Each structure stands twice: as C-alpha cells, then as structure tokens.
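Listed below, chain by chain, are the residues.
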Amino acid sequence: MTQKEKLVLVGNGMAGVNAVEHLLKLAPGKYEVTIFGSEPHPNYNRILLSYVLAGDSKVDDIVIHPFEWYTTNGITLHTNQTVTDIDITAQTVTSDKGITVSYDKLILATGSNPFMIPLPGADKEGVMAYRTIRDCEIMIDSAKKYKKAIVIGGGLLGLEAARGFLNLGMKVDVVHILDTIMERQLDRPASKMLQEALEDQGMNFLLEKQSAEIIGDKRVTGLKFKDGTVAEADLIVMAVGIRPNVELAKKAGLECNPGIIVNDYLQTSVPNVYAVGECAMHRGVAYGLVAPLYEQGAVLAKHLASVETAPYEGSVVYTKLKVSGVDVFSGGQFVDAEGTKAIRVHDEFSGIYKKVVIKDNKIIGAVLFGDTSDGTRLMQMIREETDISGMEKTAILKDNSGSGAASGVADMSDDTIICGCNGVTKGTICSAIKEQGLTSVEEVKNCTTASRSCGGCKPLVSDLLAYTLGTSYDKNAAKETICSCTEHSRDEVVEAIRSKGLTHVREVMNVLGWKNEEGCSKCRPALNYYLGMVNPESYRDDSTSRFVNERMHANIQKDGTYSVVPRMYGGVTNPAELKRIAEVAERFNVPTVKLTGGQRIDLLGVKKEDLTAMWEELDMPSGYAYGKALRTVKTCVGEEFCRFGTGDSMAVGIAMEKRFERLNTPAKVKMAVSGCPRNCAESGIKDLGVVSVDGGWELYAGGNGGVKVRVGDLLTTVKTEQEIIEYTEAYLQYYRETGKYGERTSEWVHRLGIDHIRDVVQDEAKRKELCARMDTALSVTKDPWRAAIDSKKIRQDLYEVVELT
C-alpha cells in the first residue's frame, strides 16, 4: 500500500477547508490531512455571522462542515489550537498546546486580522472588532446591558454589524470618513439609495466624520471627532478593514509584503509551503471576498492532486450580496472614468438602480441595486470581455426572463461561479445534475452546497436545471425535501401522516424509507411538529425530537445556566407580581434581570437544578421564550391612557395572548396591538399586527423586524374585538397547517401570497373550519412549567443534577 503524504492545514476557515474539500474529491486517499483551528468551532460561513448577531440563526446554522465531516473524511482536527511555530527544515508545525505534527505539504490559511484604529482610548472596555463567533457573542451580551452602539466603518461588515445592533434593540450610529457608504462596491447613486433604505430601518449615519478619541473612564462612553463633536456610545465596534495575518509566516521566514507572497500555484517562497485566502498576496493583491479565495483554492487543490490546471492569474472582483435585506451587486470597474460610457436605469418607483460601464465596446463594470438578477450574466460578459458593438445597448439591461429560463446560463462557461457563498461553479452543478439525477433546487443544494447559505443563487440553479434537463424540468414541480435524510417534501410527509395514520416520529421515518434511520436535527423536530399539528388530541409529544431549549422549557446560556421568562400578558403587570418576581430573583441569586423587547422580564443566570423550584415560587405560566410558539403580544397603553388612542390595545393584546399562549407553530410568532395608527407597538413588523383605526381594526400579516426586514401586508379590516380573535385564529391555523417547520410567517406570506391567504381567511366557511381546528389544538395545551412542578419523573429526568465523586 502506498503511504499517504501528510498534509497540514493551518487555519480552519472557509478558504483553506474549501481547498481541502476539493482536494479530497480530486485525490481521495492521497493525503493524511490534519487541520488546526484557533476557534473552538468547525468550519463555518463567516459571511453569515450577521445572521447570528441578529438572532436569526444559531451558530450551528452557519456551520459549513460539521465535526462529523472531518471524521467521515479521516481528517484530524485540532480546534482551539493556534499554530505558533513552523520548522521549515524539519517540516513540522507546533501548536500553542504543544502538539507537533510533521508535514509533506503545508497550507497556510491564517486569514486576516481586523484593523483597529490606534485612537487614544481604544483600549477601553467596550471597544472591539467584529470578526468571529466570539465577537458576535460579546456583542449580543453587550446588547443585553447597553443601549447605544457606534460602528466605525461604513463598509459591508460595518453595516451588517449595525443592522445586528438594531435587531438587538440598540440604537446605532454608523461613522464613516467619506460622504458615501460602501464606496468600494457602489457608485454614488446606489450608495445613497442604500443609505436611505438603511435610515428607514433606524440606522443613523454620521458621514464625513474623522474619529479623534474614544472617551470614558474604564469603559467607553462616547466617540469624539476631530471637529470637536461627540457621539455617545456604550459600545464601539471598529469595522474599518482587515490586514493579512502573517505573524506565523514571518516568524518562519516566508517572504511577506504585506501578505504571504505566492505564485500562480499558491506556492510561497519556501518549498512545500502554500498559502491561500486572505493571508496570501498574489501579484500584489490580497483578496478579502470569498469568490477569489475559492478560485485560489480550486487551483491549489488541483496542483496538490497533480491534476493539470491553468495557473491562478488573479480574480475580477465582484460582490453580490444582501445588505440588511437589500439586494446589491457590483463588479469590475463600475466608476465612471475617462473613455468610459454608461447605461443607466433608475426606477424610483420600484427602488431599482442599474448601471453598466462600457469602454471600447466592452462591459468593464456594473452596479445593480434592488434587482441583482442580471449580476451573474453581466459578470460573465465582463470576464470574457464580450464585444457588445453588435448588440442593442438598452437590451443589455433588459429583463430576459421571458426568453426562456435557460437562455442566460447557456452562455456561461463551466467555471462561472454560481454560488458565491460556497464557491460552486456552473460545471459542478451541471455535472451533479447529470451524474446524480438531480431534478430540483433542493437536491442540487444537498448535493453541491449551491444555495445552501444566503440562497440568492436559487434562481440561477433553477435555470441550470432547466438548461441541463430541458423540457423534463418542471420548475413548479421542483420538490424541496425536508432534509437530506429523505426524498419526501413537507407536503408529502404531512399527507402520509394523515393518510397512513402515522403516529410517531420513528414510524414516519420507517414507513417513508428515511435514508438515515436516526434522522437529523432538521427532520426530527419537523416531524414532531407535523405529527402534533395533524393529531393534536392523540399525539404524544416526542421530547427527544426537540432542541434542548424546548426540552428544558428555558433558554440555555453559554455558561450553562438558563434564562427564565414568565408569561406577562400584553406586557402588563402589577406591583404584587413585580414584588414576587423580585423576591424570587433574590432568593435564587439571579445575577441579571433584563427587560426584553417583548415587554417581559428575563431572569438570567438560573441554575438548572433551581428551575422547577423557581417556577413554582413564581406561580406564573411559561412565557415560551424558547419555543416555536407564540412568544409575546406587545401593546401600547391605548385609549385608556393615551390621548391619541382610539382602541383598547392592552385589553385586546391580553385577550389575544391568553387565547394563543402555548400554541405550537412552525416558527416563533410575535404579535402586537397598537391603539392608533401611530403604531407605538410596532405592529407593522410582527407576524400578526393589529392597529386601531377609525371605526375598527386593521390586521397586518407577515411582518418581520429581523435581518430580512419585512413590513406586514394588510390582511383584513374588522370592526370588533371578537372579529380580531376570529381572524387571528383562522390566520394562525392556516399558517400551522401549510407552513414549513422553521418558516417564519414573513417567508410563508411571501411564498403563498397575501391575496391567497386573504381569500382563505375571508371565506366564512373556511374561516369557521380553521377556527374549529384551532379550538381543538388549543384545548389540549398545558403549561409545561406546571407539568414539571407536578411530575417527580420529569424533575428527575430533566432537572436533577447528580454529583459524581
């Protein structure tokens, strides 16, 4: 047997692990792979950190390669270990934990470090960068204690951080030295459109401001500018750029300037040592966007696999992304210059701006705002330097959707990157479709990872299916499976539960031929929900198919303690209840008491063994702050106290929360009731928002205040409070019956269309049927805290702590 060569990767990030993944496919069994990572996590998608910061995703959701992937591929992974020394003579690396590993080939993918402006006071508490999961966790913790943040830097990272702070309930100023934001990706009109969109979301911009000093004693209290003005802040995040992390390389004697110098095959100045990603400097350029890093990784993998490859000759930089829910694309040289001409489309009604820059009859750059569907096609034309002299100029920006789904992708070369987040090319996708018999976007996602992250490339993947499969591809019939454990879609599974009388999770998996007999963290909770939704009276909940927070009925915190949030109907309480909460908090040594954005009280830092005793002394129902269920009904004070109020919002909110508490739903549900159109309860961005208007109430559906901000659509207008309950019952029950597990109402309303949902709930016969089924579902709910208090077995199984000696 041929002995494997030893390959060591320093850096467990996207660029390096992507190269290794390619290499494993090209030359399986050639290398014995060892990976070192400084963070405790497996390889994750750093681009999606903003989703974690905003609370829309958990860390597990952004993991690209889970720990099982390393095990399955025979990779030795050392997390939480930083390589501190390279002996280029002995060909070994040594970590800060004392582990030494020899190598035949070494890849450095050490990434970059955030640049911290050396301002006076930059060492104060509350001044930080935004780069890692740990940074996210610190920012989330800070948002629980503080209310005002400043982000220095109006680039993509800074804006995502600012959006995250808004979602966490903080006020935020974005400080930028220029008078336009994202100037590296957008021209002035697009930049100003983006700024306006973000200001509408609540972001405040301080432009043309030069930071001078961070003020405060031990902790930051503000930022002073060179013009003498001061902005208050409890937290300052610097997002002003990155620098290649070359400390290890320099120490080992590799040539650096300022990144690690590499040639067209990513070889460094030292034999058998390669560099890829943000730490590498190729032809004087260090790239920070993911697509070039994947292009480098593809060449490196082929080189290490001894597969013939063209050299890496640099990348044409482009960006296609969502900035706080706004689609943005830019590529090439998009700024007007001498000798260039431009085609512009600016639709102020739709908020769409498109610009293509042309020189010598070739497209050299483009900016798209609001509609980026032309981005990949334009980027291909830029790369290939397509001669457009024979084309009608205005046709370049015309919508080609009517000319056939496959028409645009047919002209793309096989190495065109379709999924920028995961570096998947057209050739990879088309090969997978042909070789694996794929017929849907979901299957392509599961097989190739294309569209697995932000999902922005799904339309292109669909076009590639149409291009590859021809008339046999039915876009509308494209099936989205629950997960990779099964070939069945959500609707097929629900139908099977109904028609076959399936009654528990394992039975569903057995009968429907699950590929993985144990299921996974995606399908098991979904099956548990669908079974309970179809058979509310007979189904016995499978707690082992729930995530830990729902199993424990409290949110576990990073230090292993729990968060306890009792129900507080409509955000209304009284002195006796407040006094009892305070006494319980003191008795159980609760270190932090926090008011939530949903008008409730969060007791943080509770020990597991204290949970049931605390619930008993609180004598309040669970607030379900951990569950896919109704969380809160936020209210303003309404007509009883407010001089502008026209409706009794508190009474309506309390009635709604009492009606729907403990209702299981596909995803968390937040509601709000405002006593007048001033909308102080923010009803427009809730899953269901109610607003008092002259002569009645308006009901808004599908709102969301998260990363994907969505203003709710008007569902209906009613006259009485009883009608509010009735229409809400029908709306929520229809969502329960047709929503995919994990799908928020904002996505559900977008998928089904508000007109369809409105037709359903306004049909009196259908509404009555939905209300009847809702009545059944609610009739069997029980308070889980009371159940734990009353059951010795539950307390022993879930909450007792056994001391091991």
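Residues numbered from 1 in each chain as written. Predicted model: local features only at pLDDT ≥ 70, side-chain atom pairs only at ≥ 80, totals over all residues. Heavy atoms only, no water.

Draft legend 1. Highlighting the overall build of the chain. In terms of helices and strands, the chain carries 26 helices and 36 strands. Here the C-alpha atoms of the chain give a radius of gyration of 28 Å, agreeing with the 28 Å that 2.2 N^0.38 yields for 805 residues. Taken along its principal axes, the extent of the C-alpha atoms in the chain is 75 × 70 × 70 Å. The buried share of the chain, taken over its 805 residues, is 53%. Contacts spanning at least 24 positions in sequence make up 61% of the contacts within the chain whose residues lie at least 6 apart. Taken as a whole, the chain presents about 36300 Å² of accessible surface, with 48% of it coming from carbon and sulfur. Computed over 96 positive and 109 negative side-chain charges, the inter-centroid distance for the chain is 1 Å. (Helix = DSSP H or I, 4+ residues; strand = E, 2+ residues; numbered from the N terminus. Rg over C-alpha atoms; globule rule 2.2 N^0.38 Å. Buried < 20%, exposed > 50% of the residue type's maximum accessible area, 1.4 Å probe, protein only. Contact = heavy atoms within 4.5 Å. Areas by Shrake-Rupley, 256 points an atom, 1.4 Å probe, with all protein chains shown as cover. Lys, Arg positive; Asp, Glu negative; His and termini not counted. Charge placed at Lys NZ, Arg CZ, Asp CG, Glu CD.)

Draft legend 2. Main features of the sheet that holds strand β33 (residues 669-674). Within the open sheet, the 5 strands sit side by side as β32-β33-β34-β35-β36. Their pairing is mixed. Both outer strands of the open sheet, β32 (630-635) and β36 (713-718), are each paired with one neighbouring strand and no more. Going across the sheet, the axis of each strand differs from the next one's by a mean of 20°, ignoring polarity. Looking at chain direction, strand β34 (residues 688-693) and strand β35 (residues 696-701) are connected through 6 bridges and run antiparallel. When the bridges of β35 are listed, Val691 appears paired with Glu698. On the sheet, helix α21 (residues 721-738) packs against β33, β34, β35 and β36 and is oriented at approximately 15° with respect to β35. (Pairing = 2+ DSSP bridges. Axes fitted to C-alpha atoms, helices over the stretch in contact; angles between N-to-C directions.)

Draft legend 3. A look at the pairing of β35. For β35, the tally of buried residues reaches 5 of 6 residues, placing the bulk of the element in the interior. Between β34 and β35, which pair antiparallel one after the other, the connecting turn spans 2 residues, and Gly695 there sits at a positive phi close to 90°. Pairing analysis gives 5 bridges linking β35 to β36, with the strands arranged antiparallel. Across the sheet, Leu699 pairs through a bridge with Thr716, a residue of β36.

Draft legend 4. View of the layout of surface pockets. Roughly 1400 Å³ of internal volume is contained in the second largest pocket. Lining the second largest pocket we find 46 residues, and of these Arg540, Asp541, Asp542, Arg546 and Asn664 sit closest to its centre. Secondary structure elements with two or more residues in the lining of the second largest pocket: α15 (505-511), α16 (523-534), α17 (548-552), α25 (784-790) and α26 (792-799). For the lining of the second largest pocket, the per-class residue count stands at 19 nonpolar, 12 polar and 15 charged. (1 Å grid on protein atoms, 1.4 Å probe; cavity = no way out; pocket = protein on both sides within 12 Å on 5 of 7 lines; lining within 4 Å. Points joined across faces, edges and corners; volume = space filled by probe spheres on them. Nonpolar A, V, L, I, M, F, W, Y, C, P; charged D, E, K, R; others polar.)

Draft legend 5. Seen up close, the side chain of Thr745. When you line up the elements, Thr745 lands in helix α22 (residues 745-752). Polar side-chain contacts of Thr745 include one of 2.5 Å to the side chain of Asp687. Thr745 has contacts with Asp687, Gly702, Gly703, Tyr731 and Tyr735, leaving out every residue within four places of it along the chain. (Polar contact = N/O pair within 3.5 Å; in protein donor to acceptor, adjacent residues only side chain to side chain.)

Draft legend 6. Representation of the pattern of salt bridges within the structure. Tallied over the entire structure, the rule returns 34 salt bridges. As a salt-bridge pair, Arg744 and Asp687 come within 3.0 Å of each other at their nearest N and O atoms. Within this pair, whereas Arg744 is found in the loop between α21 and α22, its partner Asp687 is found in the loop between β33 and β34, the two being separated by 57 residues in sequence. You can call Asp687 buried: its relative accessible area is 1%. A salt bridge links Arg710 to Asp713; the nearest nitrogen and oxygen atoms lie 2.6 Å apart. Linked by salt bridges that have partners in common, Asp187, Asp336, Arg344 and Lys355 make up one network. (Salt bridge = Lys/Arg side-chain N within 4 Å of Asp/Glu carboxyl O.)

Draft legend 7. Region of the structure containing empty space enclosed by the protein. Tallied over the entire structure, the rule returns 1 cavity of 30 Å³ or more. Looking at the largest cavity, its volume works out to about 50 Å³. Together, His553, Ala554, Asn555, Ser563, Val564, Val565, Ser622, Gly623, Tyr624, Ala625, Tyr626 and Trp785 line the largest cavity. When its residues are assigned to classes, the lining of the largest cavity shows 7 nonpolar, 5 polar and no charged.

Draft legend 8. Seen up close, the side chain of Glu550. Mapped onto the fold, Glu550 is located in helix α17. The exposure class assigned to Glu550 is buried, which follows from its relative accessible area of 7%. Only 3.3 Å separates the side chain of Glu550 from the side chain of Arg546, close enough to count as a polar contact. A distance of 2.8 Å separates the side chain of Glu550 from the backbone nitrogen of Lys628, its partner in a polar contact.

Draft legend 9. Seen up close, the packing of helix α18 (residues 575-587) against helix α19 (residues 611-618). Where α18 meets α19, the axes come as close as 9 Å, and the angle between the chain directions of the two elements is 155°. Considered as vectors, α18 and α19 are oriented roughly antiparallel to each other. Of the two possible hands of crossing, α18 and α19 adopt the one that is right-handed. Only Met614, Glu617 and Leu618 of α19 make contact with α18, whose side of the interface consists of Arg580, Ile581, Val584 and Arg587. Along the lines of polarity and charge, the residues of the contact of α18 with α19 split into 4 nonpolar, no polar and 3 charged. (Parallel < 35°, antiparallel > 145°, perpendicular 65-115°, else oblique. Left-handed = near helix turned anticlockwise from the far one by under 90°.)

Draft legend 10. Expanded view of helix α8 (residues 290-304). Taking 1.5 Å per residue as the helical rise, α8 with its 15 residues ought to reach 21 Å, and the 21 Å between its terminal C-alpha atoms agrees with that figure. Counted residue by residue, α8 has 12 buried out of 15 residues, so it is predominantly covered. All of the buried residues in α8 are Val290, Ala291, Pro292, Leu293, Tyr294, Glu295, Gln296, Gly297, Val299, Leu300, Ala301 and Leu304. One or two steps after α8, the chain reaches Ser306, where phi turns positive at roughly 60°. (Expected span 1.5 Å × (residues − 1).)

Draft legend 11. Main features of the sheet that holds strand β13 (residues 211-216). Taken in spatial order, the 3 strands of this open sheet run β13-β14-β15, and their pairing is antiparallel. Where the open sheet ends on each side, the last strands, each with one partner, are β13 and β15 (230-232). The sheet shows a mean angle of 25° between the axes of neighbouring strands, taken without regard to direction.

Draft legend 12. Just the environment of Glu480, in detail. Turning to its location among the elements, Glu480 is positioned in the loop between α13 (458-469) and α14 (490-500). On the basis of relative accessibility, which here comes to 36%, the residue Glu480 falls in the partly exposed class. Taking the C-alpha atoms as reference points, Glu480 and Glu609, separated by 129 residues in sequence, lie 42 Å from one another. If we skip the residues at most four places from it in the chain, Glu480 touches Glu442, Ser489, Arg490 and Lys740.

Draft legend 13. Quick peek at the nonpolar core. Ranked by internal contacts, the top residues of the largest apolar core, which has 51 residues, are Val93, Leu106, Leu108 and Ile260. Counting residues per element, this core draws most heavily on helix α1 (residues 14-26), at 6 residues. Leu53, Phe165, Met170 and Val172 belong to the second largest nonpolar core, which has 43 residues in total. (Core = buried A, V, L, I, M, F, W, Y, C linked by side-chain atoms within 4.5 Å.)

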